[in-house]
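Per-entry structural report
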Amino acid sequence: PPSKIKVIGGKTGTTDQAGSYLILLSKNAEGREFVSVVLGAIDGNEVYTAMNRLLRQERGYPPQE
């Protein structure tokens, strides 16, 4: 995962309906938790590339007010 992101847990797999998928629970540097889901990827490489994009967005997410 990108720096400052802690992955707490996840599930990977492949089904006919979802394609390759990855679901993660992660926490950013501020302690905010996120559930990230990638569905419909063609293969494992695509699913991990898409998940890294999502995790980079979590890293910079503005704090709640």
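Cut-offs used in this document
- Residues numbered from 1 in each chain as written.
- Predicted model: local features only at pLDDT ≥ 70, side-chain atom pairs only at ≥ 80, totals over all residues.
- Heavy atoms only, no water.
- Helix = DSSP H or I, 4+ residues; strand = E, 2+ residues; numbered from the N terminus.
- Buried < 20%, exposed > 50% of the residue type's maximum accessible area, 1.4 Å probe, protein only.
- Contact = heavy atoms within 4.5 Å.
- Core = buried A, V, L, I, M, F, W, Y, C linked by side-chain atoms within 4.5 Å.

A few points about the overall build of the protein chain
In terms of regular secondary structure, the protein chain is built from one helix and three strands. Start at the N end of the protein chain and walk to the C end: the helices and strands fall as β-β-β-α. When each of the 65 residues of the protein chain is scored for burial, the buried share is 28%. If you take every contact in the protein chain between residues at least 6 apart in sequence, the share linking residues at least 24 apart comes to 32%.

What to know about the nonpolar core
By size, the foremost hydrophobic cluster in this structure holds nine residues: Ile-5, Leu-22, Leu-24, Val-38, Ala-41, Val-47, Ala-50, Met-51 and Leu-55. Breaking this core down by element, the ones donating at least two residues are β2 (19-27), β3 (33-41) and α1 (44-59). When residues in this core are grouped by element, the largest group, four residues, is from α1. Not counting residues within four places of it along the chain, the set of residues in contact with Met-51 comprises Leu-22, Leu-24, Ser-36, Val-37 and Val-38.

Regarding the environment of Ala-29
Here Ala-29 shows up in the loop between β2 and β3. What makes Ala-29 exposed here is its relative accessible area of 54%. Measuring from C-alpha to C-alpha, the distance between Ala-29 and Glu-58 comes to 9.4 Å, with 29 residues separating the pair along the chain.

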